[in-house]
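Take a look at the letters that make up each chain.
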Amino acid sequence: MNQFNSGPSINTYNKLSHWFDFSNPGILKVYSGKIDIGQHISSTLALIASKITEIKYDQIEIIKLSTDISPNEGITASSLSVANSGSAIKAASITLKINFINYALENLEIKNEDILFENGVIKDKNSNKTISYWDFAKTDDFRKIIIPENFDENSIKKINYENNQKIELKTINDIVTGKYKYVHDINFPKMLHARIVRPPSYHCKLIKINEDFKKRLVENDITLFVKGSFVAILSQDEFLVTKFLELAKKNIFWEEKQQLSNENVFNSLEKHEKESLLVKSGGEAFYEEIPEKKSFDDPKIKSLSTIFKKSYLMHGPIGPSASCAIYKDNKFTIFSHSQSIFALKYSISKFFDIDPNLVSLKFMPGSGCYGHNGADDVAFEASVIAKEYPDRHILLKWTREDEHSWEPYGSASLNKVFGAINDYGEVIYWSNEAYSDTYLSRPSDLELTNFTSYKFLTNNFAKTKSKPKTSAHMGIHRNLDPIYNFKETRLVKNLVHDLPLRTSALRTLGAFANVTASESFLNDLASIKNIDPFDIRINHLDDERAIDVLNNLKEKMEIFKPKDDSFRGIAFSRYKNSAAYCAVGVELNVTDDLEINLNHAWITVDAGEIAYEDGIKAQVEGGFIQAASWALYEEVIFDSKEIISKDWDSYKIIGFDNIPVFTTSVIDQKGSPYLGVGEVVAGPTGAAISNALCNALGQRIKILPFTKDNITKELLN
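Residues numbered from 1 in each chain as written. Predicted model: local features only at pLDDT ≥ 70, side-chain atom pairs only at ≥ 80, totals over all residues. Heavy atoms only, no water.

## Notes on unusual backbone geometry
Residue proline 705 is bonded to the preceding leucine 704 through a cis peptide linkage, with omega at 5°. Structurally, proline 705 can be placed in the loop between β28 (703-704) and α20 (708-716). Phi at serine 79 is positive, roughly 55°, even though this residue is not glycine. Residue position: serine 79 is located in the loop between β4 (60-62) and α3 (81-108). Phi is positive for aspartate 353, which is not a glycine, with a value near 55°. (Helix = DSSP H or I, 4+ residues; strand = E, 2+ residues; numbered from the N terminus.)

So this is what it looks like as structure tokens:
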């Protein structure tokens, strides 16, 4: 067992009181800076605390995030919830238990062998004297304890616990019985319901509002709020607001300052102005000269080049974004389901030029974000309206059309991949050039223009250039650096400017496109030399854990005989080359009408120590379904005037009729760090489907999604 590191959160929050509240007898309240966005992180964190402190899981409560009381652990993103918050709570739990036992031994004047320890209470089995965590929490000794940044092996060995427990998710009973309250369900006395009247597209300035329509609003006790080109209607009657929203669109007129570009986006990715950075081993990007791509004349060396393309993707939450805000006593209280509560607090305080302490953000469940969707925008918009109507709660809900048309998308992208393989089956050269818009345009106190309504409030429609992010595996170049030990690599990140649609963080950022392209291309190189897909990967790996994951997948797949007329594909990745390892196998068949049916999916994952095995399985299986939907169906359609994909008919997602049978394996690395598992499966899923489809058709399809139209185009080329 290795030394355990408490993680980055302990650097700032190193007291037990930062993480635990024992004010209610028999209940352990646990603080966290991470939120539930569908992944049920609260259940995992509660289980971590339970199995170490030995307090029953049912008696542990995870406190909902609030900027007033919770530790600031940054954004709930990048698969860092268990890695950061889980590690911190594990460290706090170990510290608590060790110090509590020592305190009990001293104060009860007993020896270790005389202890009976049950559910947070230590009893002297000779005298029946007891002391509990709740007693200990009232002492000066408790208040003085500092959580170490590291624990040595001997400290860890004192803490015995089991993994793989079966638990009931913390909120599942309320969810299935309809008691669970989402931000959409908030109801306060005299609350005003609000809707935004949107223009056709991003670059539209308000010209006029029909006077007769204004009169009708007054007659129906509906308030019209206009600031710049930002238009909203409000009423205590939500039905009236939704009814008049459709009328408003016909009675409000706009000037289009600039059209959306209707040029083929993949042509734009190649032709538009761009900033090119060299990505080096380790995944960082540098402003250095980009070396020329090599060529090979040796007949013993075979080379290959391919271009992979991915369309714009939307988050597509089942429930549109919503927020509730009130401005009272010169202070904002805002309920939001944003992943980025603390950054949102500082952004809103900056916009209104007030002390951040006058802005309180409280997490309230909504639809899962899995990136930067409309949650931040709607909270900002609700605060803007609330400021104008103080002392009243404003509940603002985006419509389905709002969510589909105005959220930041995952960028369209293009990968130019080139590689060379020798007679020994060694990849001696690997080049991957990624072209994409930014994946990182979250609002901040320095970038208020990233709120979609900021432009309309200020009537400033000038486009701002994004700046390339250079840290390891950030944005476009996430997982561009292969984990394999290829002889020589050439990796280029191209941030392309002046593309048509608003983009930001969508689950995995650039990793979905990069891994799908890389793992598909690796199979193509292997096929030149007739090398087995498992062997080409294992032969280029030094990491034993990566090799174990691939071998486990191979074993699991071999148990099942392939169905007739079905084809298999595999892929592998380690997310960010530092988080979880994941290998995916897919079996599918293709109908005569070029419909792809997913029959079976195998997933093997190593996410370090198992915090909650069923949670890991749920995450990777859910992530597979989302990535399969991206690979098979999803693409944002638009023209020069507007977004066309405004509903579920025009933006197709995977249905229940195409969910495969899952065989999922989780490798436990007890004592190792939690690695984070939320995003690891997406890239291998896209590539495994791509590889299975290639085997089915005998030809590589290089445009995502793999729709009938895209497959037909490729087959006819």
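## Digging into the layout of surface pockets
In this structure, the largest pocket encloses a volume near 1,300 Å³. Along the walls of the largest pocket sit 45 residues, with Gly38, Ile318, Gly368, Tyr370 and Gly622 positioned nearest its centre. It is helix α18 (residues 613-632) that provides the largest number of residues to the lining of the largest pocket, a total of 10 residues. Counted by class, the lining of the largest pocket contains 22 nonpolar, 19 polar and four charged residues. (1 Å grid on protein atoms, 1.4 Å probe; cavity = no way out; pocket = protein on both sides within 12 Å on 5 of 7 lines; lining within 4 Å. Points joined across faces, edges and corners; volume = space filled by probe spheres on them. Nonpolar A, V, L, I, M, F, W, Y, C, P; charged D, E, K, R; others polar.)

## So, helix α11 (residues 341-352)
For α11, built from 12 residues, the straight-helix expectation of 16 Å at 1.5 Å per residue is met to within 8% by its first-to-last C-alpha distance of 17 Å. Among the residues making up α11, those that are buried are Ile341, Phe342, Leu344, Lys345, Ser347, Ile348, Ser349 and Phe352. Contacts from the buried residues of α11 go to β18 (331-336), β19 (359-363) and α12 (375-388). (Expected span 1.5 Å × (residues − 1). Buried < 20%, exposed > 50% of the residue type's maximum accessible area, 1.4 Å probe, protein only. Contact = heavy atoms within 4.5 Å.)

## Concerning the pairing of strand β24 (residues 567-574)
Counting buried residues in β24 gives six out of eight residues, a clear majority hidden from the surface. Note that β24 and strand β25 (residues 581-590) share eight bridges and pair antiparallel. Its bridge partner lying in β25, serine 573 is registered against cysteine 582. If you look at the hairpin formed by β24 and β25, you'll find six residues sitting between the two strands, and lysine 576 has a positive phi there, around 60°. (Pairing = 2+ DSSP bridges.)

## Observations regarding the sheet that holds strand β9 (residues 192-196)
Taken in spatial order, the seven strands make up an open sheet running β11-β12-β9-β20-β17-β18-β19, and their pairing is mixed. Strand pairing shows two members of the sheet lacking a second neighbour, β11 (223-227) and β19, which therefore form its edges. Taken pair by pair, the neighbouring strands of this sheet meet at an average axis angle of 25°, ignoring direction. As defined by bridge partners, strand β17 (residues 322-328) adjoins β18 across six bridges and the pair is classed as antiparallel. Bridge pairing in β18 places isoleucine 326 opposite threonine 333. (Axes fitted to C-alpha atoms, helices over the stretch in contact; angles between N-to-C directions.)

## Quick look at the domain arrangement of the protein
According to the domain assignment, the protein contains domain 1 (4-174), domain 2 (183-258 + 315-406) and domain 3 (543-717). For domain 1 and domain 3, the distance between their C-alpha centroids amounts to 36 Å. Summed over both partners, the interface of domain 1 with domain 3 buries about 1,600 Å², with 45% contributed by carbon and sulfur atoms. Of all residues in domain 1, Ser79, Asn163 and Asn164 give up the largest surface area on contact with domain 3, accounting jointly for 30% of the area buried on that side. Between lysine 166 and aspartate 614 there is a salt bridge whose closest N-O contact spans 2.9 Å. (Domains from an automatic or database assignment. Buried area = accessible area lost by both parts, 1.4 Å probe. Salt bridge = Lys/Arg side-chain N within 4 Å of Asp/Glu carboxyl O.)

## Points about empty space enclosed by the protein
According to the stated counting rule, one finds eight cavities of 30 Å³ or more in the structure shown. Estimates place the volume of the largest cavity at around 130 Å³. Lining the largest cavity are 16 residues, and of these Pro482, Ile483, Tyr484, Ser518 and Glu519 lie nearest its centre. For the lining of the largest cavity, the elements supplying multiple residues, two or more each, are α15 (511-528) and β24. For the lining of the largest cavity, the element with the highest residue contribution is α15, accounting for five residues.

## Describing the pairing of strand β12 (residues 230-235)
Counting buried residues along β12, six of its six residues qualify, which places the element largely inside the surrounding structure. Burial of β12 is two-sided: the residues Phe230, Ala232 and Leu234 facing one way and the residues Val231, Ile233 and Ser235 facing the other way are all buried. Pairing between β9 and β12: four bridges, direction antiparallel. Bridge pairing in β12 places alanine 194 opposite leucine 234. Pairing analysis gives five bridges linking β11 to β12, with the strands arranged antiparallel. The partner of leucine 224 across the bridge, within β12, is isoleucine 233. Taking the residues between adjacent antiparallel strands as the criterion, β11 and β12 are bridged by two residues, where glycine 228 takes a positive phi near 65°.

## A short note on the environment of serine 276
Tracing the backbone through its elements, the reader meets serine 276 in strand β14 (residues 274-279). Beyond its immediate chain neighbours, meaning those up to four positions away, serine 276 contacts Ile290, Val492, Lys493 and Asn494. A polar atom in the side chain of serine 276 sits 2.5 Å from the side chain of asparagine 494. (Polar contact = N/O pair within 3.5 Å; in protein donor to acceptor, adjacent residues only side chain to side chain.)

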